[in-house]
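Residue-level listing of the chains:
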Amino acid sequence: MENKEFARLLQETADLMEVAGEDGFRIRSYRNAASVIASHSERIQDVVCDPERKVTDIPGIGKGLAAVLTEICQRGSFDRRDEMLARYPASALELLKIQGLGPKSIALLYEHYNIRSVDDLERICREHKLRTLPRMGAKLEEKVLRSIESYRKTEGRFLLSFAQRIADELSGEFQALTGIERVQSAGSLRRGKETVGDLDIIVTGPGAAAALDRLVQHPKTQEVLGQGPNKASVQFGLERLQVDVRALPHESFGAAMQYFTGSKEHNVVLRTSAVRQGLTLNEYGLVTIEDNQRVAGENEKEIYERLGYAWIPPELRENSGELEAAQNGTLPKLIEIGDICGDLHMHTVATDGRATLREMAEAAAALGYQYIAVTDHSKALAMANGLDEERVVEFAREVRELNRDGLPLRVFSGLECDILVDGRMDISDDALAELDLVIGSVHSYFDMEPQEMTDRLLRALESPSLRVLGHPTGRRLLQRESYPFDFERVAGKAAERKICLEINASPERLDLPGHLVRAAKRKGCRFTISTDAHRTSHLHNMRYGVTTARRGWLEAQDVLNTYPLPEFEAALRRH
Ligand code: DGT
Ligand code: CA
Ligand code: CA
Ligand code: ZN
C-alpha cells in the first residue's frame, strides 16, 4: 500500500469527523499525520511491518496513530473510519469532493435538507434553497453548480501518471508469461490524455490468453467485470481502475492498436474514409468490401498509408485537423523527450523542496541534461519559506560561485516569483534583474472575476525581468479547474513580449493543457517544458510535459529548453 493511500484514508476520516462536528484535536492529528505520511520518503507499510522499527519514531505519529496504521496495514481500514462510514455513507465523501463546500456546510445540508447525493445537492441549488442556509448565498449556489459540473466530468478518471504506472506493472507481468509476443497500451493512455478513464491493453502471441487469466487471478484485482476467450475486464487495485485486456492474433496487431487507440471521433472519420474507398476497417484489419480481401492489419502504419494518410502520432488523434494534415503531408514533426536539454523549474530545501541544489544538479546531470534553472518560491509563499530580495540577490551570487567551483552541469539562477493579487511581482525589479531566469506564477486569489484575472496576468507580463509564465491556468487535475481569464489576450501579450508559456509537467497539473498550447502557438508563443520538481525523482516527470506539448502540436524549436547550452544562453542574454 502506498503512503498516499494511507494519507487518503486518514484525510477522509478526518473530513467525516468534521461533518459530524467532532472535536478538533483528533481531526487535526489525523490531518497532520496524513500530510506527514504523504511526504514521508520511506514506505509507511515497510516501517509498520518491520518488527525492528517503530512508526512512532516518525515525528507527528503517536501511539494512537501507530495502532491505526497497523490496522490499515492488516485490513485496509480502521475502526474509526468504519464507524464514520456507517454514519455518513459514501455520499458524504462524494459531497466533500465538490469544491466550495466544506465539512461544516455539508453538515448543515444534512441537517436541513437531508442531502444524500450530488444529485440532491444540485436540485437544492437549482431550487435556490442553498441560499437560505446560514453564511451561504446566491454566489455560492452558482459556484457549487459549476463545481458539480466539473466533478461529473472528472468522476471516475485517473491521472495519466497513475494509469501509466499500473499499465507498466501489468505489461511487465504479461511480458514474462510464455507465448506472449507483444503487449501494448492503447486508448487514452497511448494518446497521452491528461486523465484516463480505463486501460486498454492489447496482447498478441500464441499464449495471449494466459494474460487474460493472469489479469483475472491477479491478487490486486478487486472485481472481474467480464471474461471471454479474447477479452477480460476487471477493476484493479484499491482505486478500482478498470483494465480491459484483449488477446488478438498476431496479424491483427496494427488494426487493434489503431481501433483501440481511438479517439472515437478520429476513428469515425477514418472508417468513413475507408468505406468511401471500398474498404472496411475494424479491430481485425482492413479488408475490401467487395470480396473480403485483407489488405492491411498487422502494421498500423500500413493501414494509414493504404487509406492515403501518413501515420499519425497517437497524441494527435482527436479529429482536430490531424487527418487533413496527414493527407496533405503537413503533420508537424513533434517534439520528443530526447530533444530536451534542461529543466527550468524546480525547488530545493531553500523553500519547499526536499533536495539540495547540488542533489538536484546531480540528478539532472544523470538524465543527460546540459543545464537546469533552480527556481525556488518568493516571499509571498511564507509557508514555503519563500525568498525575499536579500536572499534572491544572495542566491544569484551563490550560483555564480557554484558554477565556477564545478557542478555536474550548468545551473542558472532563477525564481518562481509570485504574481501578487494586483499583477505586480512579489520581488523588486532590481533583485529580479540579478537572476538568469524568472518565472511568474499565480498561487493565490484564484476566485477573481475573469476580467480582473486577465488584467492581473497582463500586468504581470509587463514585468521587465519575466521570462516564463508558470503553470498559466492554475488548474489541478481532478481537483481544481483553471481560474477563468481571457486566454487569447494573455497569450497574445506573452507572444508580443517574448515571454514563454510554461508547460508544467507535474502530473497533477499538466498546465498548459494541449489544446491551449496549440492555441498559443497559433498566437506566436514559445514555450518551456519543466517539471516543477520538489524532489529529485520528480525530474522524471518531464515525459508527461513532452506528451502534453505533443498534444499541442509542438515541434522542438517551439520549446526553449530544447536549445543546447550555448544557444540557450544566447537566447537568455538576447532578452
Ligand atoms: P477513456 O478510457 O475514457 O480515457 O478514453 P478512451 O479513448 O480510452 O476510450 P475507451 O476506453 O472507451 O475506448 C478505447 C478506444 O476504443 C476508443 O478511443 C475508440 C475505441 N472504441 C471503443 N468502443 C468503441 C465504440 O463503441 N465505437 C467506436 N467507434 N470506437 C470504440
Ligand atoms: Ca480507455
Ligand atoms: Ca476501455
Ligand atoms: Zn508554482
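Here the structure is a predicted model, which means the values were calculated and not measured.

## Here's the deal with the coordination of the calcium ion (ligand 2)
Around the calcium ion (ligand 2), the protein supplies D198 (O), D198 (OD) and D200 (OD) as donor atoms, at distances of 2.2 to 2.6 Å. A separation of 3.7 Å is found between the calcium ion (ligand 2) and the calcium ion (ligand 3), which share D198 as a coordinating residue.

## Some remarks on the state of the cysteines
Scanning the entire structure with this criterion turns up zero disulfides. With no disulfide partner, C49 has as its closest neighbouring cysteine sulfur the one in C73, 4.5 Å distant.

## Examining the coordination of the calcium ion (ligand 3)
Coordination of the calcium ion (ligand 3) by the protein is provided by D198 (OD), D198 (OD), D200 (OD) and D244 (OD), with metal-donor distances spanning 2.3 to 2.7 Å. The class of D244 is buried, set by a relative accessible area of 5%.

## What to know about the sheet that holds strand β8 (residues 279–282)
The strand order β8-β9-β10 describes an open sheet built from three strands, whose pairing is antiparallel. Among the strands making up the open sheet, the edge pair consists of β8 and β10 (294–296). The mean angle between the axes of side-by-side strands here comes to 30°, regardless of whether they run parallel or antiparallel. Seen against the sheet, helix α14 (residues 264–276) touches β8 and β9 (285–288) and runs at an angle of roughly 155° to β8.

## Brief notes about helix α23 (residues 542–551)
Side chains that are three or four residues apart share a direction in an α-helix, a result of its 3.6 residues per turn. Burial runs high along α23: nine of the 10 residues are buried. The complete set of buried residues in α23 reads M542, Y544, G545, V546, T547, T548, A549, R550 and R551. Contacts from the buried residues of α23 go to α10 (160–175), α11 (187–191), β11 (342–343), β16 (500–504), α22 (514–522) and β17 (527–530). Within two residues after α23, W553 carries a phi angle of roughly 65°, on the positive side.

## Points about the domain arrangement of the protein
Per the domain assignment, the segments making up the protein are domain 1 (3–154), domain 2 (158–177 + 195–245), domain 3 (254–328) and domain 4 (337–574). On a C-alpha basis, the centres of domain 3 and domain 4 stand 39 Å from each other. Here domain 3 and domain 4 share an interface that buries about 570 Å² over both sides, 51% of which is from carbon and sulfur atoms. Its largest share of buried area at the contact with domain 4, domain 3 owes to E315, L316 and S320, together 74% of the area lost on that side. Where domain 3 packs against domain 4, one counts two salt bridges. With a shortest N-O distance of 2.7 Å, R550 and E315 are connected by a salt bridge. Linking domain 3 with domain 4 are three residue pairs in polar contact (both at pLDDT 80 or more). Grouping the amino acids of the side of domain 3 that touches domain 4 by side-chain chemistry returns three nonpolar, two polar and three charged.

## Concerning the pairing of β8
Here β8 shows a clear split, with L279 and L281 buried on one side and none of T280 and N282 buried on the other. Where β8 folds back onto β9 in an antiparallel hairpin, the turn is made up of two residues.

## Notes on the side chain of H377
Structurally, H377 is set in strand β12 (residues 371–377). At 3.5 Å, the side chain of H377 and the side chain of H347 are in polar contact. At 3.4 Å, the side chain of H377 forms a polar contact with the side chain of E416. Excluding residues within four positions of it along the chain, H377 makes contact with H347, T351, D352, A384, G386, L387, L415, E416, H443 and H534.

## Points about the environment of M542
Checked against the element boundaries, M542 lands in helix α23. A relative accessible area of 1% places M542 in the buried class. Sequence-wise, M542 and C125 are 417 residues apart; in three dimensions their C-alpha atoms are separated by 41 Å. Those residues within four positions of M542 in sequence are excluded, and the remaining contacts are I337, I340, G342, D343, Y369, A505, I529, S530, T531 and N561.

## Things to note about the packing of helix α1 (residues 3–19) against helix α2 (residues 24–38)
Running from amino to carboxyl end, α1 crosses α2 at an angle of 160°, the nearest separation of the two axes being 8 Å. For the element pair α1 / α2, the angle class is roughly antiparallel. Crossing angle aside, the handedness with which α1 passes α2 is left-handed. On the side of α1, the interface is formed by N3, F6, A7, L10, Q11, T13, A14, D15, M17 and E18, while α2 contributes R26, I27, Y30, R31, A33, A34, I37 and A38. Along the lines of polarity and charge, the residues of the contact of α1 with α2 split into 11 nonpolar, three polar and four charged.

## Topic: the packing of aromatic side chains
By the definition in use, this model includes 10 aromatic pairs. Ring centres 6.0 Å apart and planes at 80° place the aromatic pair Y371 and F412 in the edge-to-face group. With a gap of 41 residues between them, Y371 in strand β12 and F412 in strand β13 (residues 410–418) connect regions that are remote in the sequence. Relative to F485, the ring of Y483 lies with its centre 5.7 Å away and its plane at 50°, an arrangement referred to as tilted. For F485, a relative accessible area of 15% corresponds to the buried category. Over the ring of F260 we find R246; its NZ or CZ atom is 3.9 Å from the centre of that ring. Above the face of the F446 ring, R480 is positioned so that its terminal group lies 4.0 Å from the ring centre.

Conventions and cut-offs
Residues numbered from 1 in each chain as written. Chains lettered and ligands numbered in written order. Predicted model: local features only at pLDDT ≥ 70, side-chain atom pairs only at ≥ 80, totals over all residues. Heavy atoms only, no water. Donors = N, O, S within 2.8 Å, 3.2 Å for Na, K, Ca; no water. Disulfide = S-S within 2.5 Å. Buried < 20%, exposed > 50% of the residue type's maximum accessible area, 1.4 Å probe, protein only. Pairing = 2+ DSSP bridges. Helix = DSSP H or I, 4+ residues; strand = E, 2+ residues; numbered from the N terminus. Axes fitted to C-alpha atoms, helices over the stretch in contact; angles between N-to-C directions. Contact = heavy atoms within 4.5 Å. Domains from an automatic or database assignment. Buried area = accessible area lost by both parts, 1.4 Å probe. Salt bridge = Lys/Arg side-chain N within 4 Å of Asp/Glu carboxyl O. Polar contact = N/O pair within 3.5 Å; in protein donor to acceptor, adjacent residues only side chain to side chain. Nonpolar A, V, L, I, M, F, W, Y, C, P; charged D, E, K, R; others polar. Parallel < 35°, antiparallel > 145°, perpendicular 65-115°, else oblique. Left-handed = near helix turned anticlockwise from the far one by under 90°. Phe/Tyr/Trp six-rings, centres within 6.5 Å; stacked < 30°, edge-to-face > 60°. Lys NZ or Arg CZ within 6 Å of the ring centre and 35° of its normal.

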